[in-house]
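Examination of the molecular architecture
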Amino acid sequence: MHRDAKTLKVDSPAISREGIEMNDAVDRVLRLPTVAEKTFLITIGDRTVTGLVARDQMVGPWQVPVANCAVTAASYDTYHGEAMSMGERTPVALLDFGASARLAVGESLTNIAATDIGDIKRIKLSANWMSPAGHPGEDAGLYEAVKAVGEELCPALGLTIPVGKDSMSMKTKWNENGEDKEVTSPLSLVITAFGRVEDVRKTVTPQLRTDKGESSLILVDLGNGKNRLGATALAQVYKQLGDKPADVDNAEQLKGFFDAMQTLVRDDKLVAYHDKGDGGLFVTLAEMAFAGHCGVKADIAGLGEDTLAALFNEELGAVVQVKNDDLEAVKAVLAANGLEACSHVIGSVEASDDFVITSGDAVVIERSRTELRTIWAETTHKMQSLRDNSACADQEHEAKKDNSDPGLNVKLSFDVKEDVAAPYIATGAKPKMAILREQGVNSHVEMAAAFDRAGFEATDIHMSDILTGQAVLEEYQGLVACGGFSYGDVLGAGEGWAKSILFNDQARNQFQNFFHREDTFSLGVCNGCQMLSNLKELIPGADLWPRFVRNESERFEARFSLVEVQKSDSIFFDGMEGSRMPIAVSHGEGRVEVRDTDHLNAIEASGTVAVRYVDNNGNPTQQYPNNPNGSPNAITGLTTRDGRVTIMMPHPERVFRTVANSWAPESWGEDSAWMRMFRNARVNVGK
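Worth saying up front: this structure is predicted, and the values here are computed from it rather than measured.

Walk down a regular strand and you will see the side chains alternate between the two sheet faces. Relative to strand β7 (residues 160–167), strand β6 (residues 124–130) runs parallel, the two being bridged by 6 bridges. By the bridge assignment for β7, Ser126 is matched with Val163. Note that the unit made of β6, helix α4 (residues 138–157) and β7 has a crossover that is right-handed.

Attention now moves to empty space enclosed by the protein. Inspection of every chain in the model, using the stated rule, returns 3 cavities of 30 Å³ or more. Estimates place the volume of the largest cavity at around 100 Å³. Thr48, Asp56, Ala660, Asn661 and Ser662 are, among the 13 residues lining the largest cavity, the residues nearest its centre. Of all the elements in the fold, those that place two or more residues in the lining of the largest cavity are β1 (53–55) and β23 (557–565).

All right, on to the state of the cysteines then. All chains considered together, the criterion is met by 0 disulfides. We note that Cys392 lacks a disulfide partner, and the nearest cysteine sulfur, in Cys526, lies 18 Å from it. The exposure class assigned to Cys526 is buried, which follows from its relative accessible area of 4%.

On to the packing of aromatic side chains. Following the criterion strictly, the structure yields 11 aromatic pairs and no others. Pairing Phe451 with Phe456 gives two aromatic rings, centres 5.5 Å apart and planes at 80 degrees, and the pair type is edge-to-face. Pair check on accessibility: Phe451 and Phe456 agree, each one buried. Aromatic pair Phe514 and Phe515: ring centres 6.1 Å apart, planes at 75 degrees, arrangement edge-to-face. A relative accessible area of 1% means that Phe514 is categorised as buried. Among the residues examined, Phe515 registers a relative accessible area of 1% and is labelled buried.

Moving on, we get to the UniProt feature "domain: FGAR-AT PurM N-terminal-like" (unreviewed entry) in the protein chain. Mapped onto the present numbering, the UniProt feature "domain: FGAR-AT PurM N-terminal-like" (unreviewed entry) falls on residues 37–195. Annotated as residues 37–195, this span is 25% helix and 33% strand, and its ends, taken at the C-alpha atoms, are 27 Å apart.

Next up on the list: the domain arrangement of the protein chain. Size of an interface, as often reported, equals the accessible area lost when the parts are brought together. What the domain assignment reports for the protein chain is domain 1 (19–31 + 204–405), domain 2 (66–171 + 182–202) and domain 3 (421–686). Between the C-alpha centres of domain 1 and domain 3 the distance comes to 42 Å. The interface of domain 1 with domain 3 comprises 10 residues on the first partner and 11 residues on the second. Taken over both partners, the interface formed by domain 1 and domain 3 buries close to 960 Å², and the fraction arising from carbon and sulfur atoms is 38%. Contact with domain 3 buries surface across domain 1, with Cys392, Gln395 and Glu396 losing the most and accounting together for 44% of the total. Counting across the domain 1 and domain 3 interface gives 4 salt bridges. Its salt-bridge partner being Glu666, residue Lys212 comes within 2.9 Å of it at the nearest N-O pair. Those elements that place two or more of their residues in the side of domain 1 that touches domain 3 are α10 (369–387) and α11 (390–399).

Looking at the secondary structure, you find Ser75 in the loop between β4 (70–73) and β5 (81–87). Of the residues examined, Ser75 reaches a relative accessible area of 22% and is grouped as partly exposed. Through-space distance from the C-alpha of Ser75 to that of Gly51 is 9.2 Å; in sequence the pair is 24 residues apart. Excluding its chain neighbours within four sequence positions, the residues that come into contact with Ser75 are Leu52 and Arg657.

Below, the discussion takes up the UniProt feature "domain: PurM-like C-terminal" (unreviewed entry) in the protein chain. Sites flagged by UniProt as "domain: PurM-like C-terminal" (unreviewed entry) map to residues 222–357. The span residues 222–357 carries 37% helix and 21% strand; its end-to-end C-alpha distance comes to 21 Å.

With mixed pairing, the 7 strands of this open sheet are ordered in space as β12-β14-β11-β15-β13-β16-β17. Across the chains shown, the open sheet's two edge strands, defined by having one partner strand only, are β12 (272–275) and β17 (362–368). Sheet twist, expressed as the average angle between the axes of neighbouring strands with direction ignored, equals 20 degrees. Against the sheet, helix α6 (residues 251–266) contacts β11 (215–221), β12 and β14 (317–323), and its axis sits at roughly 25 degrees relative to β14.

What counts as what
Counting of residues starts from 1 at the beginning of each chain's written sequence and follows it residue by residue. Only residues with pLDDT of at least 70 are given local features in this predicted model, and only at 80 or more are side-chain atom pairs given and counted; all residues enter the totals for whole chains, interfaces and linings. Values shown for side chains rest on all heavy atoms present in the structure; no hydrogens or waters enter the calculation. DSSP-based pairing: two strands are paired if at least 2 bridges between them are found. Helical segments are the DSSP runs of H or I of at least four residues, strand segments are the runs of E of at least two, and each set is numbered from the N terminus. Look down the strands so they point away from you; if the path from the first strand over the helix to the second goes clockwise, the crossover is right-handed. Put plainly, a pocket is an open set of points on a 1 Å grid over the protein atoms alone with protein on both sides within 12 Å along at least five of seven lines, a cavity is a set where a 1.4 Å probe fits but cannot get out, and a lining residue has an atom within 4 Å of a point. Grid points are joined across faces, edges and corners, and a volume is the space filled by probe spheres set on the points. A pair of sulfur atoms, both from cysteines and within 2.5 Å, is called a disulfide here. Categorising residues by exposure relies on relative accessible area from a 1.4 Å probe, with only protein chains included: less than 20% of the type maximum marks a residue as buried, more than 50% marks it as exposed, and the intermediate range marks it as partly exposed. Think of it this way: a Phe, Tyr or Trp ring, Trp meaning its six-membered ring, pairs with another when their centres are within 6.5 Å, and the plane angle makes it stacked under 30 degrees, edge-to-face over 60, tilted otherwise. UniProt positions are given in the numbering used here, feature names are shortened, and annotations may be inferred rather than shown by experiment. By convention here, the domain bounds are inherited from an automatic or database domain assignment. By the convention used here, residues are in contact when the closest approach between their heavy atoms is within 4.5 Å. Buried area: the sum, over both parts, of the accessible surface (1.4 Å probe) that disappears when the two are put together. The salt bridge criterion pairs a side-chain nitrogen of Lys or Arg with a carboxyl oxygen of Asp or Glu, the two atoms within 4 Å. Only the stretch in contact is used when fitting a helix axis, every axis being a line fitted to C-alpha atoms; angles between N-to-C directions are given from 0 to 180 degrees.

Listed below in structure tokens is the structure:
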């Protein structure tokens, strides 16, 4: 097939500075959807399922969505894993098709460089091409872009693109009230980079640290001082395009950057790392400060006299935080990879709310970090208010204004490194554990892994095995109902699953007999919690259990929430009373529903409340999102009067490994604090 393609180039003037004031530019860029916080989108997607997610979007104790790349562990017994990152610079295609494609590849590399991959050749790319085929100039532009990465940049970097897709119909036409209208999307290339990770623990985040001694911030500028402003976020917020965009001018330098970062990541020389992308250096520094809940002081005098261009150009690069004790060693690595001339020590970090950028003695930006954080959050707040319960959205937005928030933290009543089950595991006996699931359940594998580590023989039991008699519960000492969406929750959360038991005589008898055996124990998590709460008529001592209904926020909640273990007889939480630690939350119907105040009071008086949501100061809370579903008295876990059956909405099985926690204390080893509850179950069984 042949096409007649004609090359067209836009004739656009340089950005006009008239009417652009620095602080106004700061506010506008922070509100631009491309740059602004996207918590409204991130927290409606399950980010913890499998229990193998080692790096999700949310970073640090304050859970700020600024991660450079996604990282997963390969299995539950290794630190090897996989990383994924993305790169795209669609607006640049309005000025330069080839530059847009090169930048997409480059950005995917500056993102994925934050984890321990090694040789750049281990990375594979996927290319998603979108183009309005047939539109004047676009066919030639597509050819230019494909040639730029397929024949030039990627071969120079030693990269291949073995997979991808294309959408060649990015143009639509219609007639409205007799008037012909059309919308055309510019050429878009979205690059996804994949690579094997040698050690997922070495992944570096943008979280600035003030507890690591004296440190410095280094900018590595792959634009080499050109500071081109075409097709930037700055241009967009002032309804301009500009003339010259950023570009990848030197493939060898880009490879040198990746190699240098890999050396520094592998040698633990970086405290924090953030790629420089949408919004430029200003946004990079701001997002790092947001994640670290700290102050930044930077001097950009060495980046040129044009401070606006220095702060808002979107040339490739990164900002790294380095301990001053390591500064010379880091500079040596950068120099060895050809980056000495483009590396600049630009500032430092401090435990304050000040965000100050100067150029020599002249103050360029002097703002409160909390104020900037709030502006950055305005877009996500407005989206949440329109889509969700607006009262909850308002609460979350107000919480971000609290500079005194200590962030997620841990307080334990036990030694996280003690394996209380070790003496029982040493006997060689492995009690049989039924890992129960139904169609739609998705957390059974990580649940089995947790119980397996605790010394059980975990067996996958599907409800069809129970209903057909292929599996008999009397053979097991433990049972756990796992999380997910059984029967799509169309009959109510966990209710379809429960009814398949209650309305089947054979299954009902099996479960009732199991729950009445005094040598058994049971756990229900998330969907399993909802299901067991609907089986309370079969479970001794569960008569006061509530139902679990739609979250007060009127949406699915994927959070990393702080909870406190209460005093109860639960065999899972023996010796854990008063412990406070974060846990994965992932549900749409987790709100405790009681009949009335008397019912709630009876639950409290019974001593069966096992877990509560608490705020970052350790107080039981109704504040959203610390209490992500609005449960009264912050209840999120209960047990029976004898403690043999426990139900909870959060997911301990997804965070039993420290690396699977979105944030965890550096003092923890392989096992997180949540591993204790699984080992408690093994201790309860005994020899």
